[in-house]
Amino acid sequence: LGGEINALFGSFELDLTNCRIPDDQASVTVFIAFGGGDIRVPRDWAVDVKAFARATVVIEHTGSAQYAEHLSVVVGDGASLRLVHVQAWDDDAVHSAHVAVRVGRDATFRSLQASIGGSAVRVLETVEYAGTGGDAELLPQAGRVAGDRPRPRARGERIRRRAAHAGSCLAR
């Protein structure tokens, strides 16, 4: 079950948030050249960037909720993914998330977390390397959570890990 979207010199919007998937597995294959798109998916879907593909994915949370999430991200061999995770919650929202990323051989992953609301917002990112040459860069969290004191941060501070040998390692 799934579909395919091709956009050349244009844009599209697709809202799948209320879809019922009969076999608990579906996919949407997207090709965009010189354009853009907006896809809304059910909260339990995963992000899977296939080998040698390039993508920028923006995940935005808004409104008021008590929300726990586990996001699974796979960046295939030679692929590149930029992930922007925005928490623009109302002041009473509570959000806890784990973003588990698997970076393939010679793949690149860049992540930026931005929290600009909510009473308690915590996002943990973990990276596992599936082959040599994988590169992950977790940029510092931007913004602040209501009630938190801003943490002093050195200019250009970031976490960066690169897989030098075959096997897996974990970046925290």
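These remarks concern the structure in this document. Since we're looking at a predicted model, the values are computed, not measured. (Residues numbered from 1 in each chain as written. Predicted model: local features only at pLDDT ≥ 70, side-chain atom pairs only at ≥ 80, totals over all residues. Heavy atoms only, no water.)

### Digging into the overall build of the protein
What counts here: Comment: elements are numbered from the N terminus, with helices defined as DSSP H or I runs of at least four residues and strands as E runs of at least two. Summary of the burial criterion: residues with accessible area below 20% of their type's maximum are buried, those above 50% are exposed, and those between are partly exposed, where the area comes from a 1.4 Å probe applied to protein chains only. Any two residues whose heavy atoms approach within 4.5 Å are treated as being in contact.
Of regular secondary structure, the protein possesses 0 helices and 15 strands. The buried share of the protein, taken over its 172 residues, is 33%. Summarising the internal contacts of the protein: among those between residues at least 6 apart in sequence, 83% fall at separations of at least 24.

### Here we look at unusual backbone geometry
The backbone of F9 shows a phi angle near 55°, a positive value even though the residue is not glycine. By relative accessible area, which is 65% here, F9 ends up exposed. The residue F52 is not glycine, and still its phi comes out positive at about 70°. Note that F52 resides in the loop between β5 (47-49) and β6 (54-63). According to the relative accessible area criterion, F52 is exposed, its value standing at 67%.

### So, the nonpolar core
One broad trend across soluble globular proteins is that nonpolar side chains are buried collectively. Selection criterion: We call a set of buried Ala, Val, Leu, Ile, Met, Phe, Trp, Tyr and Cys residues a nonpolar core when their side-chain atoms join them within 4.5 Å.
Grouped together as the largest cluster of nonpolar side chains are 25 residues, with contacts concentrated most on V73, V75, L81, V101 and F109. Mapped onto this core, the elements with two or more residues apiece are β5, β6, β7 (66-75), β8 (80-89), β9 (94-103), β11 (120-129) and β12 (135-138). Residues contacting L81, with those up to four places away along its chain left out, are V47, V49, A55, V57, V73, V75, T108, F109 and R110.

### Topic: the pairing of β12
Using the following cut-off: Two strands pair if DSSP finds at least two bridges between them.
What you see with β12 is no split at all: D135 and E137 on one side and A136 and L138 on the other are buried throughout. By the bridge criterion, 4 bridges tie strand β10 (residues 108-115) to β12 in an arrangement that is parallel. In the strand pairing of β12, S111 is matched with L138.

### Brief notes about the packing of aromatic side chains
The test is simple: Two aromatic rings from Phe, Tyr or Trp, using only the six-membered ring of Trp, form a pair when their centres are within 6.5 Å; if the ring planes differ by under 30 degrees the pair is stacked, by over 60 it is edge-to-face, and anything between is tilted.
The tally for this structure, following the rule as stated, stands at 2 aromatic pairs. Judged by centre distance (5.0 Å) and plane angle (10°), the rings of F9 and F34 are stacked. Pair noted here: F9 is in the loop between β1 (2-8) and β2 (11-15) and F34 is in the loop between β3 (27-33) and β4 (36-40), with a separation of 25 residues, a long-range link. Judged by its relative accessible area of 69%, F34 falls in the exposed class. A centroid spacing of 6.0 Å and a plane angle of 50° characterise the contact between Y67 and W89, whose relative ring orientation is tilted. Here the residue Y67 occupies a position in strand β7, and W89 occupies one in strand β8, the gap between them amounting to 22 residues. Here W89 falls in the buried class, since its relative accessible area comes to 7%.

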